[in-house]
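# Understanding the architecture of this molecule
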Amino acid sequence: MVVRDAISAPDIDGRPRRATRRFPLFTRDTARPEGGGRAAPRDAPAPARQWPVLAVLAVVGLGLLLTALDQFRYGTLFVGLALLAGAVLRWLLPDVGMLAVRSRFTDIATYGVLGTAIVLLAMMVQPNPWLEIPFLKDTLHFTVSNS
């Protein structure tokens, strides 16, 4: 049996057939995520085939190194920006290798939300925050009160 693409499913007779873009009710195999192919040709060395995930991991590693060197704000900012860069790469490139985990929408939403949250938290870190959100201070005082 030959399956033509990730969303082909065998019909009752066992022939692969693409009737709809939805996955079948019962699957017999796990489909590759969209964009899960190589980011470079097959004959390229392994690091070149997976350059998108390696680029994101390199920036995360730099952020963790900065955090270890007592530059917490800049380190966490780099980690958040790496996740946002992963979301942009996932959006723009058709094949991103191992950076593709789920569907394109799920990956972009996950990388984007987590990256934005980490960047915002890095900007609000005390002392001397770069970003102050007034209602958060009021909420904290309301929830942690003496009365």
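For the structure, check the block above.
Now for a description of the structure that goes with this document. (Residues numbered from 1 in each chain as written. Predicted model: local features only at pLDDT ≥ 70, side-chain atom pairs only at ≥ 80, totals over all residues. Heavy atoms only, no water.)

### Some thoughts on the nonpolar core
Among the nonpolar cores identified, the biggest contains 12 residues, and these are Val 53, Val 56, Val 60, Val 79, Ala 82, Leu 83, Ala 87, Leu 89, Val 96, Leu 99, Ala 100 and Tyr 111. Among the elements of the structure, helix 2 (51-68) and helix 3 (72-92) are those that each provide at least two residues to this core. For this core, the leading source of residues is helix 3, giving five residues. Beyond its immediate chain neighbours, meaning those up to four positions away, Val 79 contacts Val 60, Gly 63, Leu 64 and Ile 118. (Core = buried A, V, L, I, M, F, W, Y, C linked by side-chain atoms within 4.5 Å. Buried < 20%, exposed > 50% of the residue type's maximum accessible area, 1.4 Å probe, protein only. Helix = DSSP H or I, 4+ residues; strand = E, 2+ residues; numbered from the N terminus. Contact = heavy atoms within 4.5 Å.)

### Let's talk about the packing of helix 2 against helix 3
Packing of helix 2 against helix 3 leaves a shortest axis separation of 6 Å and a crossing angle of 170 degrees. Between helix 2 and helix 3, the crossing angle belongs to the class labelled roughly antiparallel. Of the residues in helix 3, those touching helix 2 at Trp 51, Pro 52, Val 56, Val 59, Val 60, Leu 62, Gly 63, Leu 64, Leu 66 and Thr 67 are Phe 72, Tyr 74, Gly 75, Thr 76, Phe 78, Val 79, Ala 82, Gly 86 and Leu 89. Taken together, the residues of the contact of helix 2 with helix 3 break down into 14 nonpolar, five polar and no charged. (Axes fitted to C-alpha atoms, helices over the stretch in contact; angles between N-to-C directions. Parallel < 35°, antiparallel > 145°, perpendicular 65-115°, else oblique. Nonpolar A, V, L, I, M, F, W, Y, C, P; charged D, E, K, R; others polar.)

### Some words on a nonpolar patch on the surface
On the surface, Val 59, Leu 62, Leu 65, Leu 69, Tyr 74, Phe 78 and Trp 130 cluster together into a nonpolar patch covering about 650 Å² of accessible area. Elements with a contribution of two residues or more to the nonpolar patch: helix 2 and helix 3. No other element matches helix 2, which puts three residues into the nonpolar patch. The topology assignment puts Tyr 74 in helix 3. A relative accessible area of 41% places Tyr 74 in the partly exposed class. (Patch = residues over 30% accessible without salt bridge, like charges linked within 9 Å, V, L, I, M, F, W, Y side chains within 5 Å. Areas by Shrake-Rupley, 256 points an atom, 1.4 Å probe, with all protein chains shown as cover. Salt bridge = Lys/Arg side-chain N within 4 Å of Asp/Glu carboxyl O.)

### Comments concerning the side chain of Arg 73
Relative to the elements of secondary structure, Arg 73 occurs in helix 3. No salt bridge is formed by the buried Arg 73. Its closest oppositely charged neighbour is Glu 132, at 9.3 Å. From its side chain, Arg 73 meets the backbone oxygen of Ala 122 in a polar contact 3.5 Å long. Of note is the side chain of Arg 73, whose polar atom sits 2.9 Å from the backbone oxygen of Pro 127. The residues contacting Arg 73, other than those within four sequence positions of it, are Ala 122, Met 123, Val 125, Pro 127, Asn 128, Pro 129 and Trp 130. (Lys, Arg positive; Asp, Glu negative; His and termini not counted. Polar contact = N/O pair within 3.5 Å; in protein donor to acceptor, adjacent residues only side chain to side chain.)

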